[in-house]
Every structure is written in structure tokens, then in C-alpha cells.
Amino acid sequence: MSERRPNIVFVLSDDHAAHAIGTYGSVVNRTPHIDALAAAGVRLDNLFATNSLCAPSRASILTGTYSHVNGVTTLDTFVDASQPTFVTALREAGYRTAFVGKWHMGQGSTDGVDHDPQGFDRWDALIDQGEYHDPRFLSPDGLRVEPGYATDLITDLAIDWVESLDEGDDGGGDHDGDGERAPWCVLVWHKAPHRPWEPDAAHAGMYAEGGPAGGTPIPVPATFTDDLAGRSDTARRAAMRIADHLTEEDLKQPVPPGLSADEEALWKYQRYMEDYLACVASVDDNVGRLTSWLADRRELDDTVVIYSSDQGFFLGDHGWFDKRFMYEESIRMPFVLSYPRAVATGQGLDRIVTNVDIAATLLDAAGIEVPERMQGRSFWGDLTDPAGAQRDREREREGFYYRYWMHDDSSHQVGAHYGYRTHRYTLIFFYNDGLGLPGCSDRRFAQEWELYDLEADPEELVNVADDPAYAQVRDELEARMWLAQREVGDEPHPDQPVPRLVAGGTPTP
């Protein structure tokens, strides 16, 4: 008999910041079920999005490739769903596969290119962003409305599909080539807690004054009143200030009259966070539903269970909501994983990895060869042999390449940029040019550099890009960014000069 291959349950939420999860040190809410999953396995402390935007991150997770390779660079560049993914590789290796929830990479077809999910035995996708209440679902059977709350319904549909395999009514056979029951993989991809943050009845008011989670005030981040003086003009142009850019639809009620500007900003923050955290609470409860269901089926030990989010989110940090920027709260993805058969409990992994690495990791967990097209590196060995991984690593060489393409979009007006992050430093080049891509404006702005010393300045308040004391650091990071960009097959902006150390042939340390 061959070694049993794991089932896979991959829960992905939308815009769930790591700093709104207990195991990551949240001071604003509690997430007992996600925390329990981390305690039963491993928490990744440095997993980052390579393009902090919903659709591009989802495409990178599925395909194991960067945005310029999979083609999903902005919200208006839709996926070619025929390209290989970790799911198609699982299916070819005998896995049963399903997708339920937020797809958000296009629907139907454009010029003969199909955008609907492929490689799944069953799929049920929300339309575009999806609705929280009575959402529409598209499947091969057509479009329908499901009465209820999206977060609960997505979990219901995922469980129903797996249970249908027990009944043998889903077609395609239930056993692999060795006569054993075929393993399965289900992607449970939520809309929540994406804007406009509409809780269900069970959780509405949970974090409001007098609510069961302790009432107000919800703690305000230390950088809430940041005037962005230490950042670039690009950062100051962004239209994502809680004080200025949250709408009455977001807040669900008009601003009370008679408040000062500072009082109004704090009131908006509390309203925003009350609903955001209530949506998170529903997601957390549904993580608990899934793990309890697996335990009841006696399959928890045989299942890789993942909870993650497609990127981070600003929760009043620097006065902002949303994401996009290559700053810590935006790029850091929560990622916890349990697999009792192979992953020891209570681990924390601080190796730098990215969403591009997830596909290769899941295939490695299933014992499947990683397709050559995938650009990510499996970190499965780091989870199953953490001591060996720590012994073999070169921490000072770890870093990753980031690129945000959706320049100056009409909603948030964040400038296009790319950069490189190590454990200590973040270097960002705002090239501020949409390059004619869908979803970008044709306005161009002055190019700017930012550099942050995360050890001395973890809240990224002081841009030291032009500080003579950091000149050597900047030279080295520019060279590392250039080489990393070349390694993944991306191209620098035409106006960026070749870094001095690369032009001079000086190797970077």
C-alpha cells in the first residue's frame, strides 16, 4: 500500500490583516479557531504578497508564478484559466478537486480566453466581488442566488461537496490507481472581510459599545495620526485615509454632527473596525466549523488545513485602510497550517517566503513533482524538518521581489512601484507609470525612492533613501532588487538606471 496522500483544505479570506489575528499578536480582536489551528501546527511570520491586490495575489497562489507571468497584474487584467495551477497538477495525480467562493479573476471569456475556474471537479464562484447577503453563485450549471450569508454558505458548499464524495454521486470515480480512496482538495475562498464589511446577524455589533467582545473603544494604532511627512509624495497622494475616504456606505450611517476633525476620524475608525472585526469573527467561526467537521470524520490528522488571506490590510495604520503599498501591514499575509501526520505542533517559521511559493509547497506536501513553469520554492521541508531548515539557511541572504502594477487607479490612486525586502530593510522604487495597463491612469508622476530600516524604524516612519549613512545599504539593495527582478523574468522600468554595483560588476554581499 502506498503512503497516504493528504487531503487539503485551503481557506483563504480577503483583506484579513495578520495583526487582526490572535496568534499574530492582535490587540483588537480574538480569533480562537484560527489560533487553535496555528497551535496545532505552524504559523508563518514572514509570508508576503508579491503584489498586494486581491486578483493578482490569488493568481500567484494558484499558478505559483509572478503577476507578469500569469498575466493578472491589475484588477482589470483577467486570468487565462487554462494555464497550469497546483490544482490541475493535483487533479492529474488523482486528487478530487473543488473550488467554492470568491474567484475574482474574471468570468466568462474575453477574445476566446476563458476566465472561469478550470481544473476542478466542482466549482461555485461568487460573481466579481460577491455579495455578503444572498450572494449569487456561478457554476457549470448556471447562475443562482443562495439565500443566507456568504461566509456560512461557502463553508456549507465545501462540506457538501466533500460529503458527496462519500456517496459516490459526484462522478469521476472515488479511488486512485492503487485502489485506495482518492484524496481531495477543496479551496474555501471567502469574500470576507472585504469592503463594505457587512456582518451577519450573529456577529453584528460584537465589537460595538456594549457588545459581547468588550465594547469600545477599539485600540487605535500608534501611527493613526501619521501625517506621512517621512514618506514620498506618492504615499501622500493615495486616497485611502480613514478620515477622508470612507463613505457612508462603508460606515452604514451618517457621521454624527458637531464632531471636530480629530473626533470624526476616530469615530470613523471605530465604525470601520466594528464591522471589519465582526466579519472576521464569522470567518473564524467557520474555520472552527471546518476543523470540527474534519475531526468528526476522523480526517483531521490526514488533512493539510491552511488558513491565509490574499494580502494584508491597513487597520488605521498611518491613518489608512486598504492595501497596495509595499509597506508591512499591506504585504504581510497570515498563514497558518496544520497537518498532524507530518508537521509538529506550536511552530513559528520566520523564513521569508511569498504567495508564489504556496503552489510548490502544496504539491510537495502531496508528493507531486512541481511543474517547471512554477517560479516558487517549496517551503514544505521547513515545516516538516524545522531544525534542518534552520541549520541550512542563510538568513542574511533572504529577501523577496515585489511589484504593484495598478498605477493611480480611480479609487485609491496608489502609484506603481516595485521593490525588495530583506529581514532588515525595505527598498521601494515608485516609477509612477501605468504603462498602458488596464485599470491604470495615464497620468505620470515624478519617480521616487524610499528605504526603511525595519530594525531601527519598524513602523516605517522615516524614509532614509537619501541619508548618506545608508548609501552603501541602498547600493546593495538596488543591486539585489535588479538581480531578483531579472531572476523572475520581469523587466525594470525604462527610466530606471542600472544600479551602480551591477553596472560596475561588483558582486553584492
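Anything mentioned here points back to the structure above.
Conventions and cut-offs
- Think of each chain on its own: its residues are numbered from 1, step by step along the sequence as written.
- Local features in a predicted model are, by the rule used here, given only for residues with pLDDT of at least 70; side-chain atom pairs are given and counted only at 80 or more, and totals for whole chains, interfaces and linings are based on all residues.
- No hydrogens and no water enter the side-chain calculation; it runs on all heavy atoms of the structure.
- Any two strands with at least two DSSP-identified bridges between them are counted as paired.
- Helical segments are the DSSP runs of H or I of at least four residues, strand segments are the runs of E of at least two, and each set is numbered from the N terminus.
- For helices, the axis comes from a line fit to the C-alpha atoms of the stretch in contact; other axes are also lines fit to C-alpha atoms, and the angle between any two N-to-C directions lies between 0 and 180 degrees.
- The criterion used for residue contact is that any of the two residues' heavy atoms lie within 4.5 Å.
- When accessible area is computed with a 1.4 Å probe and restricted to protein chains, residues below 20% of their type maximum are described as buried, those above 50% as exposed, and intermediate ones as partly exposed.
- Polar contacts, as used here, are pairs of N or O atoms within 3.5 Å; protein pairs need one atom able to donate a hydrogen and one able to accept it. Residues neighboring in sequence count only if both atoms are side-chain atoms.
- What makes a nonpolar core is a set of buried Ala, Val, Leu, Ile, Met, Phe, Trp, Tyr and Cys residues whose side-chain atoms join them at distances within 4.5 Å.

> Help me get a handle on the sheet that holds strand 18 (residues 448-453), residues and values and all.
In spatial order, the strands read 15-16-17-18; together these four strands make up an open sheet with antiparallel pairing. With one partner strand each, in any of the chains shown, strand 15 (399-404) and strand 18 form the two edges of the open sheet. Averaged over all pairs of adjacent strands, the angle between their axes in this sheet comes to 10°, without regard to strand direction. Sheet analysis places strand 15 next to strand 16 (residues 417-422), joined by six bridges and oriented antiparallel. When the bridges of strand 16 are listed, Tyr404 appears paired with His417.

> Kindly report on the sheet that holds strand 12 (residues 335-338), identifying the contributing residues and their values.
By way of backbone hydrogen bonds, the strands of a sheet pair with one another, either parallel or antiparallel. Strand order in the open sheet made by the 10 strands is 9-8-7-4-10-1-11-12-2-13, with mixed pairing throughout. With one partner strand each, in any of the chains shown, strand 9 (142-145) and strand 13 (347-349) form the two edges of the open sheet. For this sheet the average axis-to-axis angle between neighbouring strands, irrespective of direction, equals 15°. As paired elements, strand 2 (residues 42-44) and strand 13 share three bridges and run parallel to each other. Looking across to strand 13, one finds that Val42 is bridged to Gln347. Sheet strands touched by helix 11 (residues 358-365): strand 1 (7-13), strand 11 (303-309) and strand 12. Its angle to strand 1, the strand with the most contacts, is close to 160°.

> Describe in detail the side chain of Gln311, supporting the description with residues and values.
By the element assignment, Gln311 lies in the loop between strand 11 and helix 10 (328-331). Note on Gln311: relative accessible area 0%, which makes it buried. A polar contact is formed between the side chain of Gln311 and the backbone nitrogen of Cys54, at a distance of 3.2 Å. Among the polar contacts made by the side chain of Gln311, one reaches the side chain of Asp310 at a distance of 2.7 Å.

> I'd like a rundown of the environment of Lys252, residues and numbers included.
Along the polypeptide, Lys252 turns up in the loop between helix 8 (248-251) and helix 9 (261-296). Judged by its relative accessible area of 35%, Lys252 falls in the partly exposed class. When the C-alpha positions of Lys252 and Arg271 are compared, they lie 8.4 Å apart, and in sequence the two are 19 residues distant. Discounting residues that sit within four places of it in the chain, Lys252 has contacts with Pro196, Trp197, Glu198, Arg271 and Asp275. Among the polar contacts made by the side chain of Lys252, one reaches the main-chain carbonyl oxygen of Pro196 at a distance of 2.7 Å.

> Explain the nonpolar core to me, using residue names and the numbers behind them.
Membership of the largest hydrophobic core comes to 78 residues, with the highest contact counts inside it found for Trp184, Val186, Tyr272, Tyr276, Tyr307, Phe325 and Tyr327. The element contributing the most residues to this core is helix 9, with 14 residues. Setting aside residues up to four positions removed in sequence, Trp184 forms contacts with Asn7, Ile8, Val9, Tyr95, Arg96, Trp161, Val162, Leu165, Trp293, Leu294 and Glu299.

> Summarise unusual backbone geometry; cite the residues concerned and give the values.
One can expect most non-glycine residues to show negative phi and most peptide bonds to be in trans. The amide bond that connects Ala192 to the next residue, Pro193, takes the cis arrangement and shows omega of -5°. Locating Pro193 in the fold gives a position in the loop between strand 10 (184-189) and helix 6 (233-237). The omega angle of the peptide bond from Arg195 to Pro196 is 15°, so this bond is cis rather than trans. Inspection of the secondary structure puts Pro196 in the loop between strand 10 and helix 6. Of note in the backbone geometry, Asp134 takes a positive phi value of approximately 50° without being a glycine. Take Asp134: it is sitting in the loop between strand 7 (122-126) and strand 8 (136-139). Asp134 gets classed as partly exposed once you look at its relative accessible area, which sits at 43%. Unusually for a residue other than glycine, Asp322 sits at a positive phi of about 80°.

It is worth stressing that arrangement in space is one thing and function is another; only the former is reported here.
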